[in-house]
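# Breakdown of the fold
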Amino acid sequence: MKNKEIKILLASPRGFCAGVERAIEIVKKSIDKYGAPIYVRHEIVHNKHVVDSLKKIGAIFVEELHEIKDKSRPVIFSAHGVPKKVPAEAENFKMEYIDATCPLVSKVHRETENLNKNGAQVLLIGHKNHPEVIGTMGQIPRGKIDLIENIDDVNNYENKSQKKLAYVTQTTLSVDDTKEIISALKKKFPEIKEPKKEDICYATTNRQAAVKKIAKECDMFFIIGSKNSSNSVRLVEVARNSGCANSRLIHSGSTIPLGEIKKCETIGISSGASAPEILVNNFINNLKKQFTVAIEEVKIVKENITFKIPGKLN
Ligand code: SF4
């Protein structure tokens, strides 16, 4: 079996984005500053490997603040952002909190607030129940913002408010699907106000473009990332829609389909913005045990974005 040669096209950029790096750093620095344990509301980023490694150094993950037993300990809000009621609740509990919301998600929060202040009815393009969507919808009062998940929602939407419409989007959507939804919205509501700069973030856009570039050349495509990671799941869809029908998510519970890989000449690999590179290396090392592999990294752009961590942790 080892003699079988497989070519690996490794998409770049892949893996950690600046918002994820910052959120993980915030947890580590908080533990350095305050000691363990530190509470984290929701998975800091959607990756089991990351969450497990932070648990080992003293992070305790909860879904809601009322679950926190020792409220004298600080709590960190995850990179996905939180509705306004969450910091208010922390203040009620007299808890110290540190906000690890990605600055690019915070930008969408501020846009949403400003649109509401200026009297618009806001439409949020995104996926129901994703924590980022819950966070963005929770920036303004209920009824002032409506969720649009797909073209059907656009077709069925009635502007009952009679106010001007404006839209914002989740940061980790499919670039192509979102374009279609936006063009349907503009067709139905030509006056709709759009964000000055698009809300899908640079990391989502670059990772999707890198996968798109090589998908056609691959017999199978593997995206390393968790099942609840929106941008990882989108990458699988992008690979499928861009010419590699046999595209899979490789998460913590996956087994590697060696039998299928054996029939391939070329496979593609990428990873979601919350997946550490070690998981990509582990995957490739597992393939190396079975096959002779030739790796070619296909880089479409160099990323050099970094975000500062909150001053109080320095
Ligand atoms: S995927 Fe984009 S919005 Fe989400 S944490 Fe990374 S940079 Fe921020």
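Presented here is an overview of the structure given in this document.

Time to look at the packing of aromatic side chains. As enumerated under the stated definition, the model contains three aromatic pairs in all. Here the aromatic rings of Phe77 and Tyr97 are separated by 5.0 Å at their centres, their planes lie at 20 degrees, and the arrangement is stacked. Remark: Tyr97 occurs in strand 5 (residues 97-99) and Phe77 occurs in strand 4 (residues 75-77); sequence separation between them is 20 residues. Using a relative accessible area of 0% as the deciding quantity, one classes Phe77 as buried. Note on Tyr97: relative accessible area 26%, which makes it partly exposed. The side chain of Lys71 reaches across the aromatic face of Phe93, ending 4.8 Å from its centre.

A few words now on the site of the ligand. The immediate surroundings of the ligand are formed by Cys17, Gly19, Cys102, Leu104, Val105, Thr171, Thr172, Cys201 and Tyr202. Classifying every residue of the shell around the ligand gives six nonpolar, three polar and no charged.

On to helix 3 (residues 85-92), then. Among all positions of helix 3, only Val86, Pro87 and Ala90 are buried. Down the axis of helix 3, the sector holding all buried residues measures 95 degrees, keeping them to one side. Of the exposed residues in helix 3, those oriented more than 90 degrees away from the buried face are Lys85, Glu91 and Asn92. Contacts from the buried residues of helix 3 go to strand 2 (38-41), strand 4 and strand 5. Looking at the residues trailing helix 3, positive phi occurs at Lys94, about 55 degrees.

We now examine the sheet that holds strand 8 (residues 165-169). Taken together, three strands build an open sheet; the order of strands is 7-6-8 and the sheet is parallel. Unpaired on one side and paired on the other, strand 7 (145-148) and strand 8 mark the two borders of the sheet. Each strand axis lies, on average, 30 degrees off the axis of its neighbour in the sheet, ignoring direction. The pairing of strand 6 (residues 121-125) with strand 8 spans five bridges and is classified as parallel. Each bridged residue has a counterpart across the sheet, and for Val122 the counterpart in strand 8 is Ala166. Contacts from helix 4 (residues 103-117) reach strand 6, strand 7 and strand 8, with the element oriented near 170 degrees to strand 8. Of the strands in this sheet, strand 6, strand 7 and strand 8 touch helix 7 (residues 175-188), which is tilted by about 155 degrees from strand 6.

Conventions adopted
Residues numbered from 1 in each chain as written. Predicted model: local features only at pLDDT ≥ 70, side-chain atom pairs only at ≥ 80, totals over all residues. Heavy atoms only, no water. Phe/Tyr/Trp six-rings, centres within 6.5 Å; stacked < 30°, edge-to-face > 60°. Helix = DSSP H or I, 4+ residues; strand = E, 2+ residues; numbered from the N terminus. Buried < 20%, exposed > 50% of the residue type's maximum accessible area, 1.4 Å probe, protein only. Lys NZ or Arg CZ within 6 Å of the ring centre and 35° of its normal. Near = heavy atom within 4 Å. Nonpolar A, V, L, I, M, F, W, Y, C, P; charged D, E, K, R; others polar. Arc of directions from axis to C-beta. Contact = heavy atoms within 4.5 Å. Pairing = 2+ DSSP bridges. Axes fitted to C-alpha atoms, helices over the stretch in contact; angles between N-to-C directions.

Bear in mind that shape data such as this cannot, by itself, settle questions of function.
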